[in-house]
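# Breakdown of the fold
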Amino acid sequence: MAAALGQSAGSSPEVAVVGAGAFGVWTALHLVEAGARVTLLDAYGAGNPRATSGDETRQIRGGYGTREIYSRWALRAMERWKQRQQEFGRTLFHPIGRLQMSAQLTAEMQGTQRVLDKLKVPFETLTPEEIRRRWPVIQPEGVGVGLYEPGAAILKARETCLTVAQVFERKGGRLRVARAEPGDAAGSQLSNLKLGDGSRVAAGSFVFACGPWLRKLFPDLLGKRLATPRRDVLYFGTPAGDARFNYPQLPNFSESAFYGFPSLDSRGFKICPTNADTNFDPDSDERVAAPFQMKRARDFLALRFPALRDQPIVATHVCQLENTPDEHFIIDRHPQWSNVWIAGGGSGHGFKHGPVLGDYIAQRVLGRDPDPEYQEFFRLQKA
Ligand SMILES: Cc1cc2nc3c(=O)[nH]c(=O)nc-3n(C[C@H](O)[C@H](O)[C@H](O)COP(=O)(O)OP(=O)(O)OC[C@H]3O[C@@H](n4cnc5c(N)ncnc54)[C@H](O)[C@@H]3O)c2cc1C
């Protein structure tokens, strides 16, 4: 095992982590905490606006349809977010609840109810009248049912990447701004990374946590397995002197092709229309919100939050997903190099798991497996 980790007798393992988004920073932090010597490299810097983790906020909730493995991790992650923010001295976890609205109780919602029941996670099933009574700014016309999970929360995304990267450095890790790709190899082992300036970074193990860039770095392996559809995130202004749309007055919400958050830190009322599937180039595509998505979001607001109908868009962010066909993460060895790990495929739900995911990946790299039943789901190549 020591040789596979590039660990000479008496020394600690040396690992290079490429990518300082959610997958990379949390992995690098856990590796350093486990005693490894770690270099973390990012082409554009931790939490940069091209990264999928570079948006303002993300959500954490226990409800996941029938995909219990992720509910379990999300619940474990909630506890770790709370512990970590204490340790970091930063508020990254904002408890708020989540309301899923629908014309009727779908099979997916029923699956969520069953799993939450089994895991003893509090939730409520609400009528439209009850939704209106609790949150009078919601106009529930056409809504038949609401599934409310009070323990859900908003997470600070970009700020988390920056904070975790800083803590990683404080604990002895080395952070570099550099674009990296696989360098020289000897048999089934990668020896080093090749950086943009032609220099090399040697290590015993390598983790490529490059989010949507993974398909560009490993086109033969992942070109067809990862899709990178764009997402337009729109922040609408709230009316002057009106706090009803601010955190913590309203829960996060979702409905068919839309979801959103109340205004946190006065940033604006967030709406994200889904349903677009154009592949996005994370390096070169411009991040300017699409007029048709702005119109869709405004039409949704006019229906569901009519008091915001005429508010201006005050900020926008365009990002991309990195979706696998089955929406399971990829955490596996490279088929050619046994000391290279691929970690990504967040598929629209990876951020929340950061503190658990990073621990899991670090342990796999160090030759342990804390959750053996998860391995099958995270395989690069499925039978
Ligand atoms: C609109 C939207 C909403 C979402 N909502 C949620 C949510 O509510 N809850 C949730 O849990 N998840 C959510 N997700 C998913 C979540 O954001 C992602 O799963 C997660 O952020 C992915 O992190 P990552 O580290 O894999 O990738 P990224 O954050 O993209 O990080 C990859 C990093 O690698 C660097 N990099 C790439 N190539 C190289 C290279 N060759 N050399 C050096 N560095 C390189 C990049 O600069 C980047 O910083 C959402 C995603 C989107 C788009």
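Residues numbered from 1 in each chain as written. Predicted model: local features only at pLDDT ≥ 70, side-chain atom pairs only at ≥ 80, totals over all residues.

### What about the sheet that holds strand S13 (residues 192-195)?
The strand order across the open sheet built from 3 strands is S10-S13-S14, with neighbouring strands paired in antiparallel fashion. Each having just a single partner strand, strand S10 (180-182) and strand S14 (200-202) make up the two edges of the open sheet. Sheet twist, expressed as the average angle between the axes of neighbouring strands with direction ignored, equals 35°. Pairing geometry for S10 and S13, over 3 bridges, is antiparallel. (Pairing = 2+ DSSP bridges. Helix = DSSP H or I, 4+ residues; strand = E, 2+ residues; numbered from the N terminus. Axes fitted to C-alpha atoms, helices over the stretch in contact; angles between N-to-C directions.)

### Some thoughts on the site of the ligand
Near the ligand you find 40 residues, and of these Gly19, Gly21, Gly211, Gly346 and Gly350 are the closest. If you list the elements that add at least two residues to the shell around the ligand, you get helix H1 (22-33), strand S2 (37-42), strand S3 (57-60), S10, strand S16 (230-236) and strand S20 (313-320). Residue contributions to the shell around the ligand peak at 3 residues, all from H1. Residues of the shell around the ligand, tallied by class, amount to 19 nonpolar, 14 polar and 7 charged. Split by domain, the residues of the shell around the ligand number at least three in each of domain 1 (14-53 + 158-225 + 325-374) and domain 2 (97-151 + 227-320). (Near = placed C-beta within 6 Å. Nonpolar A, V, L, I, M, F, W, Y, C, P; charged D, E, K, R; others polar. Domains from an automatic or database assignment.)

### Re the domain arrangement of the protein
Splitting the protein by domain gives domain 1 (14-53 + 158-225 + 325-374) and domain 2 (97-151 + 227-320). The C-alpha-based centres of domain 1 and domain 2 are spaced at 31 Å. On the side of domain 2, 6 residues touch domain 1, which itself brings 6 residues to the contact. The residue inventory of the side of domain 1 that touches domain 2, partitioned by class, reads 3 nonpolar, 1 polar and 2 charged. (Contact = placed C-beta atoms within 7 Å.)

### Some words on the sheet that holds strand S17 (residues 252-255)
Ordered in space as S6-S7-S5-S17-S18-S19-S16-S20, the 8 strands form an open sheet in which the pairing is mixed. Two strands in the sheet have a free side with no partner beyond their single neighbour: strand S6 (124-126) and S20. Direction aside, the axes of adjacent strands within the sheet are offset by 20° on average. In the sheet, S16 pairs with strand S19 (residues 269-273) via 3 bridges, with the strands oriented antiparallel. Residue Leu234 lies in a different strand from S19, and its bridge partner there is Ile271.

### Regarding the packing of H1 against helix H9 (residues 354-365)
At a closest axis distance of 7 Å, the pairing of H1 and H9 adopts a crossing angle of 60°. On the basis of the axis angle, H1 is oblique to H9. As for the relative orientation of H1 and H9, their crossing is right-handed in sense. Counting all contacts with H1, which are made through Ala22, Phe23, Trp26, Thr27, Leu29, His30 and Leu31, the residues of H9 involved are Gly354, Pro355, Leu357, Gly358, Asp359, Ile361, Ala362 and Val365. Class assignment of the residues belonging to the contact of H1 with H9 gives a composition of 10 nonpolar, 4 polar and 1 charged. (Parallel < 35°, antiparallel > 145°, perpendicular 65-115°, else oblique. Left-handed = near helix turned anticlockwise from the far one by under 90°.)

### Comments concerning the packing of H1 against helix H5 (residues 158-170)
Contact pair H1 / H5: the axes reach a minimum separation of 9 Å and the direction vectors enclose 25°. With respect to H5, the element H1 is oriented roughly parallel. Helix-helix and strand crossings are classified by hand; for H1 and H5 the assignment is left-handed. Between H1, through Ala22, Val25, Trp26, Ala28, Leu29 and Val32, and H5, the contact on the second element is made entirely by Cys161, Val164, Ala165, Val167 and Phe168. In terms of residue class, the contact of H1 with H5 is built from 11 nonpolar, no polar and no charged.

### Notes on helix H2 (residues 68-88)
The end-to-end C-alpha distance of H2 is 29 Å, a good match for the 30 Å that 21 residues give at a rise of 1.5 Å each. All of the buried residues in H2 are Tyr70, Ser71, Trp73, Ala74, Ala77, Met78, Trp81 and Arg84. Around the axis of H2, the buried residues are gathered within 160° of arc, so they sit on the same side. Opposite its buried face, H2 presents the exposed residues Glu79, Gln83, Gln86 and Glu87, each directed more than 90 degrees away. Against S3, strand S4 (93-95), helix H3 (107-118), strand S8 (153-156) and H9 lie the buried residues of H2. Immediately beyond the C-terminal end of H2, within one or two residues, lies Gly89, with a positive phi of roughly 70°. (Expected span 1.5 Å × (residues − 1). Buried ≥ 20, exposed ≤ 12 C-beta atoms within 10 Å, placed from the backbone. Arc of directions from axis to C-beta.)

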